Amino acid sequence: MLSRLSEMKRILDAIHDPQIRIVHIYGARGSWKTHILNLLMHDHSISQKKFFLSFEQDIVAKQFLTVHDVMTSISLTTGIDWSKPSILFINEVQYSKNLIALISEIINMPEIQTCFVLTGITSISDHEDKRISDIMIHPLSFFDYLESKNIHTTYLHIDSYSPIMMQEIVHYRDEYMTRWGYPSVVSASTAEQKIHELKAIIHKIYDKDIAFWFNRDEMLVFETVMNDICQQSWSSYKHIPTAKRLWITSRLMMKYKNFLHEQYLIDTVPYFCHDKKSELSHQETLYMTDNGLISYMGKNFWSKLHDMTSIKTFIYNEIIKHIDHKDTIQSYQKINMSSIDFLIIHDLSKLNIIESF
């Protein structure tokens, strides 16, 4: 049985904090944000009256223009009384392009007694506004995944490393690297069910998110762009030459890149050294946070244990989930083309170096 106890605690603490008026739960599609929202709807520790609204089924989201539009529409849909203490759960807010800004206006109205709990794809955090709590939900980390299989990970830490234990979990690592830590994929009991769940998640990205953010002409070349990015994963990457090679505009290439970044499907890792007089590479590295996407695009659901790109992807995913939010992770390439895979920068004077092989 998979649970989200630690995430639920953080969210409930935010909901019970009288200073916080908007709790925003965000993260990759398939990480069980909607599942968490449903758990909260039935949580008896929340005393306020609860209301629920979802844009999940709205391919063409409603474009609210004013605060009056929002309040009138939601009142008619849910029956909410804004002047009484209540919690409004709104799922998939990214499908209404300016809803966040309008809700931020609503909570400034002194007569409003409603707290908003939202799910979306990207952060909305304004660190100056203490009334907004942004909480990121990751798919299962590898250690969470092992715990779900009742495998205790005490002997996998650096200070108590067990080679025997590592040999025993190799096939679990292979599955995790191939299909990633989506809870619905992990909890499926057969390989066929796991592939079905993974494809369902990817299809939602195709059917919902791409259809919402791109027009018809832009969508026609999307799969071509995705295949190209998958092939170039973990390589020096420039979007303008890529755009020319694929016969598309650099503006559209950047639009794809930004979209994929917001969907947690790619990331860019800047090189640590930027001084042209020193060891260098000045190009960004395009990092494909596989998430099962490469498996899906390539229809390749077999072993990735000896694929260096996949292993780097796996290591990066685990590092990024466990480092402090103030830390940064970068890569470093010397002028002789030798490299350090990852540098974790804690402050200006302290670095941790991690090499994946």
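Look a little higher up for the structure.
Along each chain, numbering runs from 1 in the same order as the chain's sequence is written. This being a predicted model, a pLDDT of at least 70 is required before a residue's local features are given, and a value of 80 or more before pairs of side-chain atoms are given or counted; all residues contribute to the totals for chains, interfaces and linings. Hydrogens and water molecules were not included; the side-chain quantities draw on all heavy atoms of the structure.

Asks: Can you lay out the pattern of salt bridges for me, pointing to particular residues and giving the numbers?
Replies: Any carboxyl oxygen of Asp or Glu within 4 Å of a side-chain nitrogen of Lys or Arg constitutes a salt bridge here. Within the structure shown, the criterion is met by nine salt bridges. With its nearest N and O atoms 2.9 Å apart, the salt bridge here joins aspartate 209 to arginine 29. With aspartate 209 in helix α9 (residues 191-213) and arginine 29 in the loop between β1 (22-26) and α2 (33-41), this pair connects stretches of sequence that are 180 residues apart. When its relative accessible area of 0% is taken as the criterion, aspartate 209 is described as buried. Lysine 194 is the partner of glutamate 175 in a salt bridge, and the nearest nitrogen-oxygen pair spans 3.2 Å. Remark: lysine 194 occurs in helix α9 and glutamate 175 occurs in helix α7 (residues 170-179); sequence separation between them is 19 residues. Like glutamate 175, the residue lysine 194 is buried in the burial classification. Three or more residues joined by partner-sharing salt bridges are found here, namely Arg29, Glu92 and Asp209. Helix and strand assignments come from DSSP, with helices taken as H or I runs of at least 4 residues and strands as E runs of at least 2, each series counted from the N terminus. Each residue gets one of three labels from its accessible area relative to the maximum for its type: buried under 20%, exposed over 50%, partly exposed in between, using a 1.4 Å probe on protein chains only.

Asks: Summarise α7; cite the residues concerned and give the values.
Replies: Regarding α7, the residues found buried are Asp174, Glu175, Tyr176, Met177, Thr178 and Arg179. Any two residues whose heavy atoms approach within 4.5 Å at even a single point are treated as in contact. In the core, the buried residues of α7 are packed alongside α5 (142-148), α8 (183-187), α9, α14 (293-298) and α15 (308-322).

Asks: For the packing of aromatic side chains, give the residues involved together with the corresponding values.
Replies: Between 30 and 60 degrees the pair is tilted, below 30 it is stacked and above 60 it is edge-to-face, where a pair is any two Phe, Tyr or Trp rings, Trp via its six-membered ring, whose centres lie within 6.5 Å. One pass over the structure, following the stated rule, counts 18 aromatic pairs. Ring geometry for phenylalanine 142 versus tyrosine 176: centroids 5.4 Å apart, planes at 65 degrees, classification edge-to-face. One end of the pair, phenylalanine 142, is in helix α5; the other, tyrosine 176, is in helix α7, and 34 residues separate them in sequence. Residue phenylalanine 142 is classed as buried on the basis of its relative accessible area, which comes to 6%. Through pairs of rings, three or more aromatic residues link up here, namely Phe142, Phe143, Tyr145, Tyr172, Tyr176 and Phe314.

Asks: How would you summarise the pairing of strand β3 (residues 86-91) if you had to cite specific residues and measurements?
Replies: Burial runs high along β3: six of the six residues are buried. Burial along β3 is two-sided: Ser86, Leu88 and Ile90 facing one way and Ile87, Phe89 and Asn91 facing the other are all buried. At least two bridges found by DSSP between two strands are what make those strands a pair. Strand direction decides the pairing type here: strand β2 (residues 49-54) and β3, joined by six bridges, are parallel. Among the inter-strand pairings, leucine 53 is bridged to a residue of β3, identified as isoleucine 90. Pairing between β3 and strand β4 (residues 114-120): five bridges, direction parallel. When the sheet's bridge partners are listed, leucine 88 is paired in β4 with phenylalanine 116.

Asks: Before we move on, can you summarise α15 with the specific residues and values?
Replies: By this rule, a helix spans an expected 1.5 Å times one less than how many residues it contains. The terminal C-alpha atoms of α15 lie 21 Å apart, and with 15 residues this matches the ideal 21 Å at 1.5 Å per residue to within 8%. Those residues of α15 that fall on the buried side of the exposure criterion are Ser310, Ile311, Lys312, Thr313, Phe314, Ile315, Tyr316, Asn317, Glu318, Ile319 and Lys321.

Asks: Requested: an account of the environment of phenylalanine 342, with residues and values cited.
Replies: Mapped onto the secondary structure, phenylalanine 342 falls in strand β10 (residues 339-345). The exposure class assigned to phenylalanine 342 is buried, which follows from its relative accessible area of 0%. Put simply, phenylalanine 342 and tyrosine 316 are 26 residues apart on the chain and 8.0 Å apart in space, counted from C-alpha to C-alpha.

Asks: Lay out the environment of glutamate 105 in plain terms, naming residues and giving numbers.
Replies: For glutamate 105, the location among the structural elements is in helix α4 (residues 99-106). When its relative accessible area of 44% is taken as the criterion, glutamate 105 is described as partly exposed. Residues glutamate 105 and threonine 66 lie 39 residues apart in sequence; the distance between their C-alpha atoms is 9.7 Å.

Asks: Now, about the sheet that holds β4: what can you tell me, with residues and values included?
Replies: Read across the open sheet, the five strands follow the order β2-β3-β4-β1-β5; overall the sheet is parallel. Bordering the open sheet on either side are β2 and β5 (132-136), each of which pairs with just one other strand. Sheet twist, expressed as the mean angle between neighbouring strand axes with direction ignored, is 15 degrees. Examined bridge by bridge, β1 and β4 share five bridges and lie parallel to one another. Bridge pairing links histidine 24 to leucine 118 in β4. Sitting on the sheet, helix α1 (residues 5-16) touches β1, β3, β4 and β5, and the angle it makes with β5 is about 175 degrees. Whenever a helix is involved, its axis is fitted only over the stretch in contact; in every case the axis is a line through C-alpha atoms, and angles between N-to-C directions fall within 0 to 180 degrees.

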